[in-house]
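One letter stands for each residue in the lines below.
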Amino acid sequence: MAPLNKLQGKYDYICIGGGSGGVASSRRAASYGKKVALIESSPNLGGTCVNVGCVPKKIMWHAADLADRLRHASKGYHFENVPPPQFNWASFKPQRDAYIRRLNGIYEKNLEKEKVDYYGGTARLVSPNEVQITPSDGGEPYVIAGDYITIATGGRPTVPSDGQIPGASLGIDSDGFFDLEDQPKRVAVVGAGYIAVELAGVLHTLGSETHVLIRRERVLRTFDPVLQDTLTPWMEHTGINIHKNTSVTKVEGQKGGELTVHLNDGTQLKVDCVLWAIGRHANTEGLGLEELGIQLDKRGDVVVDEFQKALFVEGKPQLENIFAVGDIQGKALLTPVAIAAGRRLSNRLFGPEKFKNDKLSYEDIPTVVFSHPTIGTVGLTEPEARQKYGSAVKIYKSSFRSLYFSQIEEEHKEPTVYKLVVVGEEERVVGVHIIGQGSDEVLQGFAVAIKMRARKQDLDDTVAIHPTSAEELVTLR
């Protein structure tokens, strides 16, 4: 289905942005028989997750994980004739990209199947009910109208300007990571968040000399301390060079050639690639939001209420028909969050009576980090719980090694740590924080338990599955 390039009449619903939130919300609205338009400015549907985020990142993590398994196969598990892994980045990238293009096509077919009109171009709100589209093919701008409009344009990586850090533009961001045609031999990853941790882990495990530059002492500073304290030293143990209390003052060299990274302590790093992973910001520019009076916070995110309705600045009428979902509203920047919020919004606007108050709760949202080893986390961290509940907080924790590593040399045995945060006499579980092999798959079921306000006793009453790592969460004492 090619994008449309002319007005198809007035719509019940217009979604600006063809990423996870916009596609999910538009398809759900169309399933209720509504006339729906979706506008996307890039050539490919699916947004960050499909094109330069979750999906290609997980594929690269699988490649790195397989490299580790191959190393373990011969020495630990006595498989013969297993050569040391040699990853061919240049031949793997086109195969990975072809899979992503296939997903783009599936997204288009799903819109067509649901009868959502898909427009290719940039969008700008010109009134509370009208959106101007400037076609991607260079055609003349035109306007479509709709009763309800949702902004779901997502976000993009933040990169310092050359004015802030001279030579910063010589580096790449996480989007650029997926454009790399060849594997860089030496990389400096700047940042301590989950994107920095994941990409650094992939690069290192596939054989790149990897440096991680962090401003403080530990990675993942917004996560529970046990995760920070376990992963940071393990990354160092595996050979990743973590430069603590470090910032970049200047980058010199030529893009595509050797780069010299100047650090705040006066030292220098020679690398082939600088990867900025210092955060993300919303795509709000050029949408006409300020002109309409839509409120943006100091980070540039659209301010919304609990029902995803955009709020307006003082002196402007609080309109009831403009909404925002996904990364653009600045809360829980995760693909499943955007999907869930978008679907619930369409349920409430267009669905049956039972959905008249449907909305997404932003509490107890589970997430994982595809580090080495993986991390799963849901609910309150220990500091957050103590701030909220004080002395009523109790911690259950266990450190161990997955059975898989029983046959692996000591220096290569990955750590596993499981932690429960409980509160009150009933010991309601308000936080689960786990790191270790398989944590990404273990967490989903326990996230359901947290959402159902499970108690520690409920976990204790559950028969363990043996031998697994997951059983540790129902046997903690």
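Residues numbered from 1 in each chain as written. Predicted model: local features only at pLDDT ≥ 70, side-chain atom pairs only at ≥ 80, totals over all residues. Heavy atoms only, no water.

## Let's talk about the nonpolar core
(1) Moving on: Core analysis: the biggest nonpolar cluster contains 40 residues, and Met 60, Phe 177, Val 189, Val 212, Leu 231, Met 235 and Leu 275 have the highest contact counts within it.
(2) Moving on: Listed by contribution, the elements that provide at least two residues to this core are helix H3 (54-75), helix H4 (89-113), strand S7 (186-190), helix H6 (194-205), helix H7 (225-238) and strand S13 (273-276).
(3) Moving on: Counting residues per element, this core draws most heavily on H6, which supplies six residues.
(4) Moving on: Counting 26 residues, the second largest nonpolar core, distinct from the first, contains Ala 123, Val 131, Ile 133 and Val 302. (Core = buried A, V, L, I, M, F, W, Y, C linked by side-chain atoms within 4.5 Å. Buried < 20%, exposed > 50% of the residue type's maximum accessible area, 1.4 Å probe, protein only. Helix = DSSP H or I, 4+ residues; strand = E, 2+ residues; numbered from the N terminus.)

## Considerations on the pairing of strand S20 (residues 428-435)
(1) Moving on: Along S20, eight of the eight residues are buried, which leaves the element largely enclosed by surrounding structure.
(2) Moving on: For strand S17 (residues 375-379) and S20, the ladder comprises five bridges, and the chain directions are antiparallel. Paired with Ile 375 across the strands is Ile 435, a residue of S20.
(3) Moving on: One ladder, built from seven bridges, connects strand S19 (residues 416-423) with S20; its direction is antiparallel. Bridge assignment links Val 423 to a residue of S20, and that residue is Arg 428.
(4) Moving on: Once S19 ends, the chain turns through four residues before running back antiparallel as S20, passing Gly 424 with a positive phi of about 75°. (Pairing = 2+ DSSP bridges.)

## Comments concerning the pairing of S17
(1) Moving on: Of all five residues making up S17, four are buried, and the element is well covered by its neighbours.
(2) Moving on: By the bridge criterion, three bridges tie strand S16 (residues 367-369) to S17 in an arrangement that is antiparallel. Directly across from Val 368, in S17, lies its bridge partner Gly 376.

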